[in-house]
There are 4 protein chains.
Amino acid sequence: MSKFNAGILGATGAVGQKFIRLLQNHPWFTITALGASERSAGKTYREAANWIEAVPMPDTVAGLSVRNCVSGEFDDVDFVFSGLDSSVATDIEKDFASAGIPVISNAKNYRTDPTVPLLIPEVNPDHIELIKKQKFTADGSGWIVTNPNCVVVPLVTSLKPLYDAFGIDAVVVTSMQAISGAGYPGVASLDILGNVVPYIGGEESKVESEPHKLLGKLNEEGILNASFPIQSTATRVPVENGHMLAVTVGLKNKASASDVIDAMKNWQSPIADLGLPSAPPFPIKIHEDERYPQPRLHADSENGMQTAVGRIRETRVLDISYIAMAHNTVRGAAGGAILNAELLVKKGYL
Amino acid sequence: MSKFNAGILGATGAVGQKFIRLLQNHPWFTITALGASERSAGKTYREAANWIEAVPMPDTVAGLSVRNCVSGEFDDVDFVFSGLDSSVATDIEKDFASAGIPVISNAKNYRTDPTVPLLIPEVNPDHIELIKKQKFTADGSGWIVTNPNCVVVPLVTSLKPLYDAFGIDAVVVTSMQAISGAGYPGVASLDILGNVVPYIGGEESKVESEPHKLLGKLNEEGILNASFPIQSTATRVPVENGHMLAVTVGLKNKASASDVIDAMKNWQSPIADLGLPSAPPFPIKIHEDERYPQPRLHADSENGMQTAVGRIRETRVLDISYIAMAHNTVRGAAGGAILNAELLVKKGYL
Amino acid sequence: MSKFNAGILGATGAVGQKFIRLLQNHPWFTITALGASERSAGKTYREAANWIEAVPMPDTVAGLSVRNCVSGEFDDVDFVFSGLDSSVATDIEKDFASAGIPVISNAKNYRTDPTVPLLIPEVNPDHIELIKKQKFTADGSGWIVTNPNCVVVPLVTSLKPLYDAFGIDAVVVTSMQAISGAGYPGVASLDILGNVVPYIGGEESKVESEPHKLLGKLNEEGILNASFPIQSTATRVPVENGHMLAVTVGLKNKASASDVIDAMKNWQSPIADLGLPSAPPFPIKIHEDERYPQPRLHADSENGMQTAVGRIRETRVLDISYIAMAHNTVRGAAGGAILNAELLVKKGYL
Amino acid sequence: MSKFNAGILGATGAVGQKFIRLLQNHPWFTITALGASERSAGKTYREAANWIEAVPMPDTVAGLSVRNCVSGEFDDVDFVFSGLDSSVATDIEKDFASAGIPVISNAKNYRTDPTVPLLIPEVNPDHIELIKKQKFTADGSGWIVTNPNCVVVPLVTSLKPLYDAFGIDAVVVTSMQAISGAGYPGVASLDILGNVVPYIGGEESKVESEPHKLLGKLNEEGILNASFPIQSTATRVPVENGHMLAVTVGLKNKASASDVIDAMKNWQSPIADLGLPSAPPFPIKIHEDERYPQPRLHADSENGMQTAVGRIRETRVLDISYIAMAHNTVRGAAGGAILNAELLVKKGYL
């Protein structure tokens with residue numbers, strides 16, 4: 001097939017830069033348009049962006065002229081990725097969808113909209129049918145798809161096999177989150193060097209709610225959310241990339257640690273056979289070494305798209321505890337959105 | 001009163017060095033004897049120790065000759081503090097107690113002995129009466145008292161007011177532990193720089209059991225342990241000092257977050273009026289700033305002897321969640337043992 | 001004597017907060033006025049400041065109402081400490097001096113003014129006579145005194161004994177500077193965690209020029225600057241406090257390493273007998289352990305007011321190399337200014 | 001050509017593991033034999049090694065049986081890479097060379113031997129002719145080639161264009177070295193977290209001597225060493241990979257900063273046209289951004305084989321200062337040895 005022309009909204013931010021890095025040499029998508037704030041509009045991307053990725057800025061984008069984030073300036077793209085800040089995403093993403101430009105967004109603004117899919121391709125690919133309920137355009141040409149919070153991705157990816165096999169009663173999760181999750185400049189070094197900050201504003205409410213939609217059932221009316229309670233404590237640690245989660249789960253039907261390991265190992269990803277370029281061969285890697293997973297060693301596994309799980313064991317409170325970890329700005333943000341776009345291509349929405 | 005002559009066993013190790021630093025200028029205790037391995041015996045402490053404390057080695061100990069850890073070489077002390085490694089503590093501490101030399105130990109070896117007090121002065125001071133059940137000597141002159149694991153101290157100190165006011169059904173705790181807890185050289189920098197290690201060998205079993213003895217009731221037979229289940233996940237983070245705990249508690253009698261705050265604020269420490277030199281004015285400090293407590297900012301509060309608590313809130317799973325933090329090598333180790341010794345003086349055991 | 005009433009300009013910033021922390025319980029000075037930007041003026045200090053010090057905000061200042069930084073609002077103080085940003089210090093400090101309010105400043109703006117003392121009490125106390133040349137007021141009641149850049153303090157303090165004993169031909173210095181030197185929020189954690197940044201804007205030119213004035217000779221005309229060349233490379237490292245310097249010096253009269261050690265040890269501080277409260281007993285501490293000094297172990301030595309020196313050795317290029325280190329925000333900033341104020345009291349200028 | 005069978009001595013150590021990681025999928029070399037200490041001999045590599053690389057252990061080596069480091073057990077290899085500890089390298093490497101097995105070593109032991117090439121392919125490829133002077137075997141089938149210290153590689157690589165164009169009078173270098181340079185477990189986290197250690201045992205003498213051999217001229221007698229003086233200060237910083245150097249150089253023929261930049265840019269690598277698989281397209285990358293190079297951003301450039309240079313400027317002492325940085329365990333160790341082997345293949349020595 002010929003490649004799709006993709007625009008990036010919020011192109012100068014940390015998530016926008018990650019989109020650019022990950023889309024370099026993508027077999028299906030070519031970046032042809034970059035959008036940012038008025039301050040940057042008109043400049044070349046090289047001028048506008050304070051590039052923070054560890055690889056050089058691709059020449060293919062460095063020379064592109066940054067546009068304002070208005071749909072009228074993006075009529076030459078097939079769709080856009082949105083790395084917009086939540087303070088502006090609501091109106092801008094609506095503008096694009098209403099203009100018939102599909103929006104594949106990492107912003108939180110439309111995640112709770114009952115007609116907008118909150119998508120992890122390996123978990124709830126069927127939810128993309130929600131798109132048909134969207135009314136941004138008369139002909140359905142414009143729509144919005146979102147990916148979850150960066151902690152929710154490894155949490156729900158690891159819970160899904162248990163949810164299918166045993167059912168879930170309750171979840172307690174403490175997250176130790178990397179500084180890259182706060183963007184740039186983000187966390188001040190004086191706050192985090194040799195320290196742990198036991199609070200991340202707005203994070204815990206997402207972790208306690210988004211899994212219910214992701215694990216929900218699609219029916220005529222829409223998504224019937226899952227309903228088990230979740231308790232979340234979100235902390236910041238001096239780690240560059242990779243959110244680590246200490247998870248304790250209560251199961252509807254009791255299971256041993258080995259039952260849980262088998263459930264994860266035998267779990268079949270519904271997109272395994274679709275040949276999506278960014279999909280990891282195995283969505284979950286189970287580590288047997290008690291010291292693993294670790295963010296510095298495993299965040300980049302399978303190009304940062306794999307969820308690592310370890311220390312699966314039976315517990316005295318609830319039933320099962322384990323460690324889960326994934327790359328927060330790849331699998332948990334830009335990479336997840338790109339995988340969503342790949343699924344949407346395969347399913348004929350793009 | 002005239003000062004007590006104290007010996008230190010394991011004087012060259014990390015805990016031993018902390019004992020020496022904290023006892024410098026202590027109003028009641030003077031270090032008059034140092035014990036270490038055969039490798040060090042005979043050398044001056046200056047020669048034998050690889051001093052890692054951030055203050056200079058006190059001249060008062062630098063010139064002392066290091067002795068072997070055998071009771072016969074310590075007949076000039078009133079008691080000993082033990083910072084011994086658990087691999088040798090069982091026999092050595094027994095040797096000293098049997099020789100009529102009280103042992104106030106930070107080692108884990110005798111913590112589970114039904115006749116040995118596992119002591120946090122603010123929590124279970126009455127447990128020192130267990131000493132009378134010890135049979136190391138006919139005349140009761142020799143005995144052993146222990147302090148808990150460094151995670152257990154802030155956990156139980158913060159749980160005690162809730163246990164008294166509401167009763168406890170269950171506890172889930174994830175600890176983010178400082179590198180100093182592993183001693184020296186301890187954790188390799190390649191393992192922890194910019195990383196989190198989700199496992200600490202042997203730690204979780206202590207966290208899941210020691211609180212039951214600490215919160216147990218003393219009766220004729222001994223200690224009737226508390227019995228609620230505890231789930232622990234112990235992780236290592238790149239922090240120098242201060243173990244942080246994310247705690248979720250189920251209460252027997254339901255209580256609101258403000259009930260819990262009141263319970264902690266109104267809780268009366270049983271040793272408040274004893275005038276123990278190392279006792280903090282308030283054993284628990286409640287932070288209202290959501291960003292607190294943090295190890296780098298608060299581990300040294302009240303000379304490292306105070307437990308900091310924050311983010312007290314109601315939760316969807318169990319009842320209450322909060323953050324607790326204390327200095328692991330001061331309150332959680334040497335400082336805790338010194339406070340035990342001060343209580344034993346006041347109670348007439350020394 | 002009765003205590004002096006001191007005001008603090010730039011009180012909400014990182015340097016201002018350090019002034020407040022260090023002046024708590026100062027025997028000579030009481031903080032009676034706080035000045036900050038219009039944004040803060042009118043609020044209590046507790047409301048206005050994002051307190052970042054590791055000790056609680058002193059109640060004595062928390063309730064003070066923050067004033068605008070205009071002399072008219074400070075007629076109740078004996079003098080002011082200035083922690084102002086260089087972008088505003090020129091006009092504000094001139095306003096205060098012109099109004100007869102002495103300004104003891106940490107800002108760089110007047111350091112190069114030929115009538116303004118650039119002062120390290122142990123190095124060039126006689127330079128305070130420059131004050132008499134200032135023309136801010138007719139009666140000389142208003143004047144400005146400054147302290148040097150935070151790298152220059154340990155550099156010149158360690159060079160002074162060599163300058164007096166052997167003369168100096170040339171200096172090459174590479175500084176590894178702590179993040180606290182950039183204020184708050186200052187350095188982004190994504191820039192410095194597990195990293196070194198080989199550039200600090202504007203730093204090197206100060207390091208290459210300020211020592212000449214500090215080591216200059218006072219005569220009728222003013223200061224006759226020293227004239228040896230200095231090469232500086234300023235880098236940022238992931239350290240909280242303490243700037244470390246690798247120094248290589250060329251001497252006018254050749255000297256061995258032991259000659260240099262003797263010169264530093266035998267050097268007499270000109271203020272040793274003045275009884276200044278913030279003066280360290282020995283301005284320079286020479287470490288014999290090759291691994292020392294280290295910022296984390298030694299930055300706080302003598303309340304952060306001592307310069308640590310180590311690894312003094314002869315070299316193949318120029319003559320002598322050594323390591324120097326001092327606390328950048330105490331000795332290198334607020335603490336240095338406070339010591340200047342103490343000297344000015346003793347000398348009768350306050 | 002058919003692939004060469006390579007053995008690795010010291011295979012379980014940090015350098016040995018890096019050899020294994022870098023040789024995975026190498027087009028010319030296949031690992032067919034692993035040697036380690038008696039403790040490991042007989043075990044499979046999976047059993048024997050505490051694998052610390054961030055990628056999984058290659059299955060191709062995991063099953064290999066570890067051998068003793070004696071030549072008799074390696075008669076099936078074409079040559080060996082040596083990552084041996086210097087405490088044992090002298091005898092073992094001699095044993096292999098004497099048995100007719102070429103040794104390409106990262107150990108320091110033979111670097112100063114007048115008949116052993118100390119080699120950086122881009123700097124002194126002609127030095128390999130020294131091999132003909134070696135007498136380990138009568139037929140010349142066994143010999144030793146070494147690569148330099150990890151600081152010396154970026155130092156000499158960046159000095160070479162200046163040495164050729166202007167000549168060098170003197171060099172002052174301060175190195176800020178990554179923890180991976182100390183191997184595993186190596187540096188204790190309590191020593192380096194949030195700290196700088198101003199001393200690395202044995203390092204400075206290598207930095208001050210090895211450049212003279214590398215820049216020396218080959219003649220009938222052997223290598224005529226370069227003779228300019230070098231002053232080195234070696235420090236350890238909390239960085240995972242990448243040694244950064246602050247270099248100040250005195251030139252024989254004065255040159256401006258732009259002359260130096262031109263000299264580096266126009267410098268022709270003598271191996272540019274040989275098509276060596278591990279050779280970076282450009283041995284030196286010149287950064288124009290004053291904030292660069294940085295270890296975390298640039299250590300992995302060109303697979304960790306490129307030397308990054310920045311901040312080239314004229315100075316008041318000597319002539320030119322700049323920053324140089326390279327990956328210490330890749331370009332500075334295993335990767336450098338592999339490039340040496342590739343050159344030896346092209347030159348017909350293998």
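Residues numbered from 1 in each chain as written. Chains lettered and ligands numbered in written order. Predicted model: local features only at pLDDT ≥ 70, side-chain atom pairs only at ≥ 80, totals over all residues. Heavy atoms only, no water.

**Topic: the interface of chain A and chain B**
Each side of the interface is counted separately: chain A has 45 residues, and chain B has 46 residues. Overall, the association of chain A and chain B removes approximately 3,500 Å² of surface from exposure, summing both partners, and the carbon and sulfur fraction of that is 59%. For the pair chain A and chain B, the number of links is 6 salt bridges. In this structure, the salt-bridge partner of Arg316 of chain B is Glu208 of chain A, at a minimum N-O distance of 2.4 Å. The tally of links between chain A and chain B comes to 22 residue pairs in polar contact (both at pLDDT 80 or more). Of all the secondary structure elements, the ones that give two or more residues to the side of chain A that touches chain B are strand E7 (168-177), helix H6 (189-192), strand E10 (230-236), strand E11 (243-251), helix H10 (295-298), strand E13 (307-314) and strand E14 (320-326) of chain A. Its residues assigned to classes, the side of chain A that touches chain B comprises 24 nonpolar, 11 polar and 10 charged. (Contact = heavy atoms within 4.5 Å. Buried area = accessible area lost by both parts, 1.4 Å probe. Salt bridge = Lys/Arg side-chain N within 4 Å of Asp/Glu carboxyl O. Polar contact = N/O pair within 3.5 Å; in protein donor to acceptor, adjacent residues only side chain to side chain. Helix = DSSP H or I, 4+ residues; strand = E, 2+ residues; numbered from the N terminus. Nonpolar A, V, L, I, M, F, W, Y, C, P; charged D, E, K, R; others polar.)

**Topic: the relation of the copies chain B and chain C**
Note on the identical chains: chain B maps onto chain C by a rotation of 180 degrees and an axial translation of 0.0 Å, with an RMSD of 0.0 Å. Those values place the two copies in the arrangement expected of a two-fold rotation axis. Distance from the rotation axis, computed per C-alpha, reaches its smallest value in chain B at Gly194 of chain B: 3.3 Å. When the interface residues of chain B are mapped onto chain C, 100% of them again lie at the interface, so the same face is used by both copies. (Least-squares fit on C-alpha atoms with pLDDT ≥ 70 in both.)

**Points about the relation of the copies chain A and chain B**
Of the transformation placing chain A onto chain B, the axial shift is 0.0 Å and the rotation is 180 degrees, giving an RMSD of 0.0 Å. A shared binding surface is used by both copies, with 98% of the interface residues of chain A retained as interface residues in chain B.

**Regarding the interface of chain B and chain C**
Listed as interface residues are 10 residues of chain B and, on the opposing side, 10 residues of chain C. Taking both sides of the interface into account, the surface hidden between chain B and chain C amounts to around 750 Å²; carbon and sulfur atoms contribute 37%. The largest contributions to the chain B side of the interface with chain C come from Ala54, Arg296 and Leu297 of chain B, which together make up 45% of the buried area. On the surface where chain B and chain C come into contact, there are 2 salt bridges. Between chain B and chain C we count 3 residue pairs in polar contact (both at pLDDT 80 or more) in total. Class assignment of the residues belonging to the side of chain B that touches chain C gives a composition of 5 nonpolar, 1 polar and 4 charged.

**Comments concerning the UniProt feature "active site" (unreviewed entry) in chain A**
Residues and elements named next belong to chain A. Feature annotation in UniProt assigns "active site" (unreviewed entry) to the following positions: Cys150 and His243. Taken along the chain, the residues just named run across 94 residues; in space they keep tight, none of their C-alpha pairs more than 7.7 Å apart. Mapped onto the elements of the fold, Cys150 is located in the loop between strand E6 (144-146) and helix H5 (152-165). Leaving out residues up to four positions away in the same chain, Cys150 has contacts with Glu203, His243, Asn328 and Gly332. By the secondary structure assignment, His243 is in strand E11. By relative accessible area, His243 is classed as buried at 0%. Within the structure, the side chain of His243 is placed 3.4 Å from the side chain of Gln177, a separation counted as a polar contact. (UniProt positions renumbered as here; feature names shortened; annotations may be inferred. Buried < 20%, exposed > 50% of the residue type's maximum accessible area, 1.4 Å probe, protein only.)

**What about empty space enclosed by the protein?**
Throughout the structure, instances matching the rule amount to 8 cavities of 30 Å³ or more. Lining of the largest cavity is provided by Leu193, Gly194 and Pro238 of chain A, Leu193, Gly194 and Pro238 of chain B, Leu193, Gly194 and Pro238 of chain C together with Leu193, Gly194 and Pro238 of chain D. Class assignment of the residues belonging to the lining of the largest cavity gives a composition of 8 nonpolar, 4 polar and no charged. In this structure, the second largest cavity encloses a volume near 60 Å³. Forming the boundary of the second largest cavity are 14 residues, of which Val172 and Thr174 of chain C together with Val172, Thr174 and Ala246 of chain D lie nearest the centre. Listing elements by their share of the lining of the second largest cavity, those giving two or more residues are strand E7 (168-177), strand E10 (230-236) and strand E11 (243-251) of chain C together with strand E7 (168-177), strand E10 (230-236) and strand E11 (243-251) of chain D. (1 Å grid on protein atoms, 1.4 Å probe; cavity = no way out; pocket = protein on both sides within 12 Å on 5 of 7 lines; lining within 4 Å. Points joined across faces, edges and corners; volume = space filled by probe spheres on them.)

**Structural notes on the nonpolar core**
Residues and elements named next belong to chain A. Counting 41 residues, the largest nonpolar core has Phe29, Tyr45, Phe79, Phe81 and Ile104 as the members making the most contacts within it. Counting only elements with at least two residues in this core, the list comes to strand E1 (4-9), helix H1 (14-23), strand E2 (29-36), helix H2 (45-48), helix H3 (59-62), strand E4 (79-82) and helix H12 (330-346). Looking at this core, the element that brings in the most residues is H12, giving 9 residues. Among the domains, domain 1 (4-149 + 334-346) and domain 2 (152-327) are the pair contributing at least three residues each to this core. (Core = buried A, V, L, I, M, F, W, Y, C linked by side-chain atoms within 4.5 Å. Domains from an automatic or database assignment.)

**Here's the deal with the pairing of E7 of chain D**
All names here are of chain D. The buried fraction of E7 amounts to 9 of the 10 residues, a majority that puts the element mostly inside the structure. Bridge count between E7 and E11: 8 bridges; the pairing is antiparallel. By the bridge assignment for E11, Ser175 is matched with Leu245. In the sheet, E7 pairs with E10 via 7 bridges, with the strands oriented parallel. Residue pairing for E10: Thr174 is matched across the bridge by Thr233. (Pairing = 2+ DSSP bridges.)

**Here's the deal with the pattern of salt bridges**
Going through the model one piece at a time under the given rule, you end up with 60 salt bridges over all chains. Glu204 of chain A is the partner of Arg311 of chain B in a salt bridge, and the nearest nitrogen-oxygen pair spans 2.7 Å. Remark: Glu204 of chain A occurs in helix H7 (residues 203-207) and Arg311 of chain B occurs in strand E13 (residues 307-314); the pair is interchain, linking two chains. Owing to a relative accessible area of 9%, Arg311 of chain B belongs among the buried residues under this scheme. Residue Glu204 of chain A is classed as buried on the basis of its relative accessible area of 10%. One continuous salt-bridge network, built from bridges that share partners, spans Lys18, Arg21 and Glu53 of chain A.

**Here's the deal with unusual backbone geometry**
Residue Pro185 of chain B is bonded to the preceding Tyr184 of chain B through a cis peptide linkage, with omega at 0 degrees. By the element assignment, Pro185 of chain B lies in the loop between strand E7 (168-177) and helix H6 (189-192). With omega at 0 degrees, the peptide bond leading from Tyr292 of chain C into Pro293 of chain C counts as cis. The phi angle at Glu302 of chain C is positive, at roughly 50 degrees, despite the residue not being glycine.

**Regarding H1 of chain A**
All names here are of chain A. Within H1, burial applies to Gly16, Gln17, Lys18, Phe19, Ile20 and Leu23. Along its buried surface, H1 packs onto E1, E2, H2, H3, E4 and H12. Remark: Asn25 follows H1 within two positions and exhibits a positive phi of approximately 65 degrees.

**Let's talk about the confidence of the model for chain A**
Per-chain confidence: chain A averages 97 in pLDDT, with 100% of residues scoring 70 or above. Scoring of the predicted complex yields 0.96 for pTM and 0.95 for ipTM. (pLDDT = per-residue confidence, 0-100.)

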